[in-house]
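Residues per chain, in single letters:
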Amino acid sequence: MLDPQPIDLSAVEPTPDSVFLSLEGAVRASGVDAGIALHYGSPLREGRDVDEARAVVDLSSWDVARVSGPDRLTWLNSLASQKLDTLTPSVPTPDESNQGVESVQNVAVRALFLNLQGRIDFDVRVLDDGEATWLLTEPGYVGSLVEWLGKMRFMSQVEVADVTAEWAVVGARCVLRERLADADGQQAGVVGQLEDAWGPVLRDPWPDVCVGGWPYGPVGGEHPGSDGEWFFSLVRRSRMPEVLSAVQDAGLRIGGLMAYEQVRIAAWNPSIRTEVDFKTIPHELDLLRVATHLNKGCYKGQETVARVHNLGHPPRRIVFLDLDGSEHTLPAAGAEVKAGERTVGTLTSAVLHHDAGPIALAVIRRNVGVDTELTVVDGEQTYQALQTVIVPPNAGNVVGRPKDVGRLGPGMGKDLRG
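As the structure is a computational prediction, the values presented were derived from the model and not from experiment.

1. Considerations on the overall build of the protein
Thinking step 1. Counting secondary structure elements, the protein contains eight helices and 20 strands.
Thinking step 2. Within the protein, the fraction of its 418 residues that count as buried is 55%.
Thinking step 3. Put simply, 73% of the contacts in the protein that link residues at least 6 apart link residues at least 24 apart.

2. Some words on helix α3 (residues 142-151)
Thinking step 1. Within the span of α3, buried status applies to Val142, Ser144, Leu145, Val146, Trp148 and Leu149.
Thinking step 2. Next to the buried residues of α3 lie β4 (63-68), α2 (72-79), β7 (109-114), β8 (120-128), β9 (132-137) and β10 (159-162).

3. Details of the sheet that holds β7
Thinking step 1. The antiparallel open sheet is built from five strands, whose spatial order is β7-β8-β9-β4-β10. At either margin of the open sheet sits one strand with a lone partner, and together these are β7 and β10. Each adjacent strand pair in this sheet contributes to an overall mean axis angle of 30 degrees, direction not counted.
Thinking step 2. By the bridge criterion, four bridges tie β8 to β9 in an arrangement that is antiparallel. Note on β9: the bridge partner recorded for Arg125 is Leu136.
Thinking step 3. α3 rests against β4, β7, β8, β9 and β10 of the sheet, and its axis sits at about 165 degrees to β10.

4. Remarks on the packing of aromatic side chains
Thinking step 1. For the coordinates displayed, the defined rule picks out seven aromatic pairs.
Thinking step 2. For the ring pair Phe113 and Trp148, a centre distance of 5.4 Å and an interplane angle of 65 degrees mean the geometry is edge-to-face. Of this pair, Phe113 sits in strand β7 while Trp148 is found in helix α3, placing the two residues 35 residues apart along the sequence.
Thinking step 3. Geometrically, the ring pair formed by Trp134 and Trp167 is edge-to-face, given 5.6 Å between the ring centres and 90 degrees between the ring planes. Of this pair, Trp134 sits in strand β9 while Trp167 sits in strand β11 (residues 167-172); the two residues are 33 residues apart in sequence, bridging distant segments of the chain. Neither Trp134 nor Trp167 differs from the other in exposure class; each is buried.

5. Notes on helix α1 (residues 43-51)
Thinking step 1. Among the residues making up α1, those that are buried are Glu46, Gly47, Asp49 and Val50. Buried positions in α1, seen along its axis, are confined to an arc of 165 degrees and lie on one side of it.
Thinking step 2. Close packing links the buried residues of α1 with β2 (37-39), β3 (55-58), β14 (253-255) and α6 (257-266).
Thinking step 3. After α1 finishes, the residue Ala53 shows a positive phi value of roughly 65 degrees.

6. A word on the pairing of strand β13 (residues 231-236)
Note on strand geometry: in a regular strand, side chains alternate between the two faces of the sheet.
Thinking step 1. The element β13 is largely enclosed, with a buried count of five among its six residues.
Thinking step 2. Relative to β13, β11 runs antiparallel, the two being bridged by six bridges. Its bridge partner lying in β13, Trp167 is registered against Arg236.

7. Thoughts on unusual backbone geometry
Thinking step 1. The amide bond that connects Trp206 to the next residue, Pro207, takes the cis arrangement and shows omega of 5 degrees.
Thinking step 2. Its identity as a non-glycine residue notwithstanding, Ala53 has a phi of 65 degrees, on the positive side.
Thinking step 3. Relative to the assigned elements, Ala53 resides in the loop between α1 and β3.
Thinking step 4. At Phe154, a position not held by glycine, the phi torsion is positive, near 50 degrees.
Thinking step 5. Examined against the element boundaries, Phe154 turns out to sit in the loop between α3 and β10.

8. As for the environment of Tyr383
Thinking step 1. Here Tyr383 shows up in strand β20 (residues 381-389).
Thinking step 2. Judged by relative accessible area, Tyr383 falls into the buried class, the value being 2%.
Thinking step 3. Here the alpha-carbon distance between Tyr383 and Pro331, two residues 52 residues apart in the chain, equals 7.8 Å.

9. Here we look at the packing of α1 against α6
Thinking step 1. For the pair α1 and α6, interaxial distance at closest approach is 8 Å and the crossing angle is 55 degrees. With respect to each other, α1 and α6 are oriented oblique. Crossing hand, α1 versus α6: right-handed. Along the contact surface, α1 presents Pro43, Leu44, Glu46, Gly47, Val50 and Asp51, while α6 presents Met258, Ala259, Gln262 and Val263.
Thinking step 2. Looking at the contact of α1 with α6 residue by residue, the classes come out as six nonpolar, two polar and two charged.

10. A word on the nonpolar core
Thinking step 1. One finds Trp75, Phe113, Val126, Leu145, Trp148 and Leu149 to be the most contacted residues of the largest nonpolar core, which totals 53 residues.
Thinking step 2. At the level of elements, β4, α2, β7, β8, α3, β15 (316-323) and β18 (357-365) are the ones that each hand at least two residues to this core.

11. Some thoughts on the sheet that holds β20
Thinking step 1. Taken in spatial order, the six strands line up as β15-β18-β17-β16-β19-β20 and close into a barrel, and their pairing is antiparallel. Taken pair by pair, the neighbouring strands of this sheet meet at an average axis angle of 40 degrees, ignoring direction.
Thinking step 2. One ladder, built from seven bridges, connects β15 with β18; its direction is antiparallel. Bridge pairing in β18 links Phe320 to Leu361.
Thinking step 3. Here α6 sits on the sheet and contacts β15, β17 (342-353) and β18; the angle it forms with β17, its principal contact strand, is near 130 degrees.

12. Some words on the side chain of Asp63
Thinking step 1. Among the structural elements, Asp63 can be located in strand β4.
Thinking step 2. The charged side chain of Asp63 is buried without a salt bridge, its nearest counter-charge being Arg237 at 6.3 Å.
Thinking step 3. Within the structure, Asp63 has its side chain in polar contact with the backbone nitrogen of Val142 (distance 3.2 Å).
Thinking step 4. With sequence-adjacent residues up to four places away left out, Asp63 is seen in contact with Leu135, Leu136, Thr137, Glu138, Pro139, Gly140, Tyr141, Val142 and Thr164.

Analysis parameters
- Residues numbered from 1 in each chain as written.
- Predicted model: local features only at pLDDT ≥ 70, side-chain atom pairs only at ≥ 80, totals over all residues.
- Heavy atoms only, no water.
- Helix = DSSP H or I, 4+ residues; strand = E, 2+ residues; numbered from the N terminus.
- Buried < 20%, exposed > 50% of the residue type's maximum accessible area, 1.4 Å probe, protein only.
- Contact = heavy atoms within 4.5 Å.
- Pairing = 2+ DSSP bridges.
- Axes fitted to C-alpha atoms, helices over the stretch in contact; angles between N-to-C directions.
- Phe/Tyr/Trp six-rings, centres within 6.5 Å; stacked < 30°, edge-to-face > 60°.
- Arc of directions from axis to C-beta.
- Parallel < 35°, antiparallel > 145°, perpendicular 65-115°, else oblique.
- Left-handed = near helix turned anticlockwise from the far one by under 90°.
- Nonpolar A, V, L, I, M, F, W, Y, C, P; charged D, E, K, R; others polar.
- Core = buried A, V, L, I, M, F, W, Y, C linked by side-chain atoms within 4.5 Å.
- Lys, Arg positive; Asp, Glu negative; His and termini not counted.
- Salt bridge = Lys/Arg side-chain N within 4 Å of Asp/Glu carboxyl O.
- Polar contact = N/O pair within 3.5 Å; in protein donor to acceptor, adjacent residues only side chain to side chain.

The quantities given are spatial measurements derived from coordinates; they are silent on function.
In structure tokens:
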């Protein structure tokens, strides 16, 4: 099977400037996110507003692909780690409480496309609307994804298109369309005028345990990602100015990319841009819980997924880090994680959280003890770091073992943080 070429994100052109960048205080993000705002002058306040569903985040740098044709679900199922051939269409239904605005029953899932060695090539959120399947990816990946999928069509009746130029993404802890309808009140008709602005809404399935999945980290209320839902609303780019006006008229605030990162990192949600490198397998990031169906049958990379889960251990594991905030700075992604003088991993993401202070995700060697004192070294700067286990060292090797062995027990993730 053909593998996609490695992606150099520095060579990917960013999406055109978002209308949100015209807002007062907007500070432009960098790289493939250069078309959106990093923040609007108050990243901590923005993070709190977003976390408490009082603000939305412009994520229009994200990519969108659309797959049509009668074979789309069975074809995608043959390629992806997730079971997609039984994906139920997301069907709008009238909701009288929202001034006639249709409410969508969301059945989005997360899926991975792996290489032959079981390493992650693409990480997508997937939703089918009955006519087409929508694939949502982080910025910079859609070109390579669409090219690779095009090569894998063979005799299947499918068409794959990059529709990022037509559709933008807005993120929030609410379904934006419904929230605007709730706030419309005496201005009934404003939301109706935006009827053709809306595309599908994808509820981020993280950190749910999908059918056929296996959690290595905590489940249910023990997992910090269970504190709130996250929704990706697709909006026609041509209607983004009107949507921005409706958001402001509804009293909602705007958060930048840093606000989304606060939510993501606090929820232990891995990103393909930061937590994934050329040798990452799903087990290391606790992605078997949400993006992999262990009993669906063959797909590219399935042998590695099954072998490591059943008979081995992932060589590395993701951890959450509480960083010492006395330095008043943050280490950069790529900084070394050390146990004493020994380098044991790499810091992958860091952000100043509105409540928890400086927090981070890192990927470290499996055999590092769960109570080992860690430091993060970024150039001449050293940060003390308290680890919270996400994927435990004994993850995997489940053949002949009880199902709760190889993942954190109740309360373990919180207990390690004191």
